[in-house]
There are 4 protein chains.
Amino acid sequence: MNANTFGNNFRVTTFGESHGSAIGVVIDGCPSNVEFDLPFIQSELDRRRPGSTRIGTKRNEEDKIKVLSGVFENRTTGTPIAMIIENTDQKSHDYSSIKDIYRPGHADFTYEKKYGLRDYRGGGRSSGRETAARVAAGALAKLILKSYGIEISAAIRSVKDIYIEGDFIPPFKAPLYTVNSTKDNEILSLIDKTIQEKDSLGGVIECHIKNVMPGLGDPVFNKADAVLSYAIMSIGAVKGIEFGKGFEATKLYGSQNNDEMDENGFLSNNAGGILGGITNGEEIIFKAAFKPTPSIAKEQKTIDKNGNPVKIEIKGRHDPIILVRALVVVESMAALSILDLLLENKKYV
Amino acid sequence: MNANTFGNNFRVTTFGESHGSAIGVVIDGCPSNVEFDLPFIQSELDRRRPGSTRIGTKRNEEDKIKVLSGVFENRTTGTPIAMIIENTDQKSHDYSSIKDIYRPGHADFTYEKKYGLRDYRGGGRSSGRETAARVAAGALAKLILKSYGIEISAAIRSVKDIYIEGDFIPPFKAPLYTVNSTKDNEILSLIDKTIQEKDSLGGVIECHIKNVMPGLGDPVFNKADAVLSYAIMSIGAVKGIEFGKGFEATKLYGSQNNDEMDENGFLSNNAGGILGGITNGEEIIFKAAFKPTPSIAKEQKTIDKNGNPVKIEIKGRHDPIILVRALVVVESMAALSILDLLLENKKYV
Amino acid sequence: MNANTFGNNFRVTTFGESHGSAIGVVIDGCPSNVEFDLPFIQSELDRRRPGSTRIGTKRNEEDKIKVLSGVFENRTTGTPIAMIIENTDQKSHDYSSIKDIYRPGHADFTYEKKYGLRDYRGGGRSSGRETAARVAAGALAKLILKSYGIEISAAIRSVKDIYIEGDFIPPFKAPLYTVNSTKDNEILSLIDKTIQEKDSLGGVIECHIKNVMPGLGDPVFNKADAVLSYAIMSIGAVKGIEFGKGFEATKLYGSQNNDEMDENGFLSNNAGGILGGITNGEEIIFKAAFKPTPSIAKEQKTIDKNGNPVKIEIKGRHDPIILVRALVVVESMAALSILDLLLENKKYV
Amino acid sequence: MNANTFGNNFRVTTFGESHGSAIGVVIDGCPSNVEFDLPFIQSELDRRRPGSTRIGTKRNEEDKIKVLSGVFENRTTGTPIAMIIENTDQKSHDYSSIKDIYRPGHADFTYEKKYGLRDYRGGGRSSGRETAARVAAGALAKLILKSYGIEISAAIRSVKDIYIEGDFIPPFKAPLYTVNSTKDNEILSLIDKTIQEKDSLGGVIECHIKNVMPGLGDPVFNKADAVLSYAIMSIGAVKGIEFGKGFEATKLYGSQNNDEMDENGFLSNNAGGILGGITNGEEIIFKAAFKPTPSIAKEQKTIDKNGNPVKIEIKGRHDPIILVRALVVVESMAALSILDLLLENKKYV
């Protein structure tokens, strides 16, 4: 695992900036002879694509995936699979006004501290656009996991302080893809109000992974939950993650929190499917905290490259809430994590 | 990063089981010519050592560190540093009654699913004892970080539902090492009551990292917060982690959560010192959720190796609350993370 | 280091098959702010390009490099640099006659044993065409090394049993790029004769690396010569490598082979610039053995996929001798090796 | 692969200096449930141990292996296996006279250039003693390979200019372990004469690996021969390696060198068992060039730390020829390479 590569076995390297000529991904370590379902991969990308609803940015990228290598007669060959998405709608001129200004809540300041220079036309590698490459790889991972019966789904559990109680019931419904639709109207009103106020919203995404065999993950460093945390925390706006009962577990007694067993298996799943870093065969459940989108049209204080204080109102096409489009990104990173752990375990492959 | 090795640059490989002849660590990638302060390393191990207070297990290990290589005339040589701690107080016979039984909340079940066999005398690599090796490595990392002015400290923010409001004020006081002592008596009473009830407690540990230079971490996968999450989630009992405002940030508007700047720098630190995965020069702040210790003397339902339901009361020496001894483990994993990111950034080394 | 990635610091991942839509490379770990000299990179690719002389294949690829990411305003940004070369002259139909036949001396048989399927239109990843991606990366590595004064050059030392005595004198001359031109006519005659006989030739390439600072490489596994051996042996037709005196050193006494020193430095360079795996500041010198090109028009015995014996005459466009085009590949792999070792050594970067 | 770790799957990390308190190895990635044959491991170490014959150094180390972790009831547990060998016969005072002097042909000069300091009591990590740790790991690798029918043996093919023609016939005979005994007397005379002259000898070791299944290795970077080259070149005195016909192959026509096939398989094995980087099921054959031992009692010119020219006669216990003791090191590194490639190939594990 390093700067731009995820995974030890199914190694996913992404490349490309939001305003370069293309973004893309190379997958090394994909088993040979896997059926390559390009329409499914494209459909996953479409879930992430901007421009579809009122709650997403208006940037209109087609996000058409193009396969350069590693696939022959619709099957993977075992060699690196390279896929690219050309950037067709960059509109660089939108960004010139913020060329030397650090947007609050963005990586502009830290990026420049790290590299000493910055492609000011957009967020560079920090752009959410980079996640399209992860989704392409994640979609392929999902296809392989499906052959093991493993299924991954994510939905919105809360938006700002609107927490949706109750079951997690797929398939989730447009346009919000909440865990269940009981509070959709309330949330849609909040979104409309927030747009009017030139502000933005965050929330919590919940993800379930079904039918994972017991025995994946390691007892020391490559714990299944550690790998998933690394994967999910590597998504731009995520500020926290918890498994099973998570932070609530700290408020229970051991006798309440331990998952007892009888001849039919576990009697509860407070652990969220992982014990001592190794999957226990129960559903893996985690929640991720997404901060409100940092790009807002409201005026904010910041500084420019020379340290001078300036005011900024971020124009352009930005999401008031990123959660809906982030669902497939969460699922993709979860898929890449689980597949990588599965391929590590020689018993199953 | 893999099963038993942490880090890309300061590579820490731990080995050893709780009931083998020794546990240990090999550190590869330590710069040469670093002053090797063995008494400090030993003092860090002593913070983790069992048997010192009423709130810790009575297992009495001396945990004396022994250096096998990589140090010459009190300086590191740039070659692998191997350190071991001999296991002197294993008392294997304590465990024979649970040889074929899966302890609830433990890795026994998953461990056996993974490996097909298990050293039934203890938790094997899943034992908390393995973290002593991490503390030895983390202490060395702290020494190196200190030469850059970087300081790391962790304290208890909550125990069960007792949340300690207010500032995080080091140095923290024995015996609880809470963020401040306002609720120590209340917590100590809770611990006594819990021991009597043969139960256990969890809580939240907060960690601050001071004086980290901006520019550490990567914009895509090796985000500073992703690496720290991986590191902290790899500690046995941790079920969640959050940075800065964390899950609370999801309840704010973007205009509230963004950290604005002026000529004096950041006006707030909701981000917890990391923006877009890269350190911004502010204090890094995170919280980790520790579940209640799974080993309890209270009767619990479980199964044996053959799937038969059994009742279990875990005898032996176990902590009613692991938080105090876990503080140095949290600090150590944070130190290993930050040092690894620092060594990646050629500008500073 | 793994299947398709070379290097720990300057990590080069290649992708693409000879008959897919493109081959390419992603470079992760390139320092930011390096001047990106695209014409130089293209000129290096042109050295490897087929179709230029009578001694090369007639396949006429333009091998035009296209940069997808990681470069902004002609400087590297520190993010992954993706470059691709589209395959414009695949002529798949040339290969249909050998679809189910294993070409002697080729990877066809082993490739199918490994993957269970094979892109029969060419050598897939085993094709020499894959090396174009390495040359693109190697050219960038050379540019960075040049800023440290390091220069790499390779030339032909022998062809079949024609060994060219004497000095290694760059710049080397077209069309053969031998270490010196004393035997060019003899070699050109041999090549003509070999083409008429529908056969092929091998030989030895010698490579010199100048101005490498002392201290690169490691004393145990990542020895500078071990890394270079791995790199050079990963070129398709290479069957051996030796450093300095190499196999001849085995015939000397220790007192003859040791490089003595006086106040002016080393008195000889039998070691070839590397002592105990670490560079000593002298010129690094190695020789690589290239077997004769396996693709020949002469009739050979082989088998088909079903194990039936068949005769094969390989039609199509093939090099009677690969050495000339291989020179830039050798230099490129040497450049990637030395740069990776240099970036590992924090003292110099 | 990095400074002190070999392998991606069966990851072997060695530590320890020749004059520290112990040397050792940690093996991560060993499958669980492998029978752990400690006497075999010890017997392999004994093959490398100094002091047994007139042709070896008189340093009398017992080299007794001690297992610290990863083995329970004589089976591997799947967790890291740590083994150490205590240094019982360091005699540091032997070396004090050369404290500030760079021994010709040794890593003293380059080591100091790299690290800026040096454990002057011996070669540090550059000492041949480090290879004992590799032999311990290699012995375990051999045990696992044996369960697949794979056998590895190495023997001496030449000493100085005495080349032993003819077959490679195991088991090889003491004291020289040549490929066959036809020239043993001649070689023993040469050794005696060389000892009298205070000089040293090199030679060529040949290694055969039997019964490797086809399909191991990768077509691009992790070629089986590239991995073996890296492994063998990482042994201190090795200056060259070749596979199958090796450098001789450069003198053949393609039609002579290609290994043709018929229904019974390959008709020759010029390739040495590897085609396009992937094993073809034939015997893997390679030769390694060992330079003459650099430590000689004869007077040599060198310099001290301050650059002043000095004369040196190396006293102490040194091998006039290292080849016999190196055989098990070559076999061990070959075993680690093949096992690592085998574990990479999910089809076989």
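Analysis parameters
Residues numbered from 1 in each chain as written. Chains lettered and ligands numbered in written order. Predicted model: local features only at pLDDT ≥ 70, side-chain atom pairs only at ≥ 80, totals over all residues. Heavy atoms only, no water. Contact = heavy atoms within 4.5 Å. Buried area = accessible area lost by both parts, 1.4 Å probe. Salt bridge = Lys/Arg side-chain N within 4 Å of Asp/Glu carboxyl O. Least-squares fit on C-alpha atoms with pLDDT ≥ 70 in both. Pairing = 2+ DSSP bridges. Helix = DSSP H or I, 4+ residues; strand = E, 2+ residues; numbered from the N terminus. Buried < 20%, exposed > 50% of the residue type's maximum accessible area, 1.4 Å probe, protein only. Polar contact = N/O pair within 3.5 Å; in protein donor to acceptor, adjacent residues only side chain to side chain.

Asks: Explain the interface of chain B and chain A residue by residue, including any values.
Replies: Contacts between the two partners involve 103 residues from chain B, matched on the other side by 103 residues from chain A. Of the roughly 8000 Å² buried where chain B meets chain A, counting both sides, 61% is carbon and sulfur surface. Contact with chain A buries area across many residues of chain B, yet Phe221(B), Lys239(B) and Tyr253(B) alone supply 11% of it, more than any other trio. Counting every contact that joins chain B to chain A gives two salt bridges.

Asks: Account for the interface of chain D and chain C, naming residues and giving values.
Replies: Contact residues are listed per partner, giving 103 residues for chain D and 103 residues for chain C. Buried area between chain D and chain C, summed over both chains or domains, comes out near 8000 Å², and the portion from carbon and sulfur atoms is 61%. For the chain D face of the interface with chain C, the top three residues by lost area are Phe221(D), Lys239(D) and Tyr253(D), together amounting to 11%. At the boundary of chain D and chain C, one finds two salt bridges. The shortest N-O distance in the salt bridge between Asp218(C) and Lys114(D) comes to 3.3 Å.

Asks: Now, about the relation of the copies chain B and chain A: what can you tell me, with residues and values included?
Replies: Under the fitted operation, chain B is carried onto chain A by 0.0 Å of movement along the axis and a turn of 180°, and the coordinates agree to an RMSD of 0.0 Å. The transformation relating the two chain copies, once decomposed into turn and shift, fits a two-fold axis. Taking C-alpha positions as the reference, the residue of chain B nearest the rotation axis is Tyr230(B), at 2.5 Å. Mapped onto chain A, 100% of the interface residues of chain B are again interface residues, and the two copies thus contact each other with one and the same surface.

Asks: Provide a residue-level description of the sheet that holds strand β1 (residues 5–6) of chain D, including the pertinent values.
Replies: Hydrogen bonds between backbone atoms are what pair the strands of a sheet, whose relative direction is either parallel or antiparallel. Residue and element names in this part refer to chain D. Pairing in this open sheet of five strands is antiparallel, and the strands run β1-β2-β3-β7-β4 from one edge to the other. Among the strands making up the open sheet, the edge pair consists of β1 and β4 (65–69). Across six bridges, strand β3 (residues 22–28) lies against strand β7 (residues 81–86) in antiparallel orientation. Looking at the pairing, Ile-23 lines up with Ile-85 of β7.

Asks: Give me the lowdown on the environment of Asp259(C), citing residues and values where you can.
Replies: Residue and element names in this part refer to chain C. Of note, Asp-259 is situated in the loop between α6 (254–257) and β12 (261–262). The buried category is assigned to Asp-259, whose relative accessible area is 5%. C-alpha of Asp-259 to C-alpha of Gly-272: the two residues are 13 residues apart in sequence and 9.9 Å apart in space. Among the polar contacts made by the side chain of Asp-259, one reaches the main-chain amide nitrogen of Asn-269 at a distance of 3.4 Å.

Asks: Before we move on, could you go through the pairing of strand β2 (residues 11–15) of chain B and cite the residues and values that matter?
Replies: Residues and elements named next belong to chain B. Most of β2 sits out of view: five of its five residues are buried. Burial of the side chains of β2 extends over both faces: Arg-11, Thr-13 and Phe-15 are buried on one face and Val-12 and Thr-14 on the other. Inspection of the sheet shows strand β1 (residues 5–6) paired to β2 by two bridges, in the antiparallel sense. Looking across to β2, one finds that Thr-5 is bridged to Thr-13. Between β1 and the antiparallel strand that follows it, β2, lie four residues; Gly-7 among them carries a positive phi value of about 100°.

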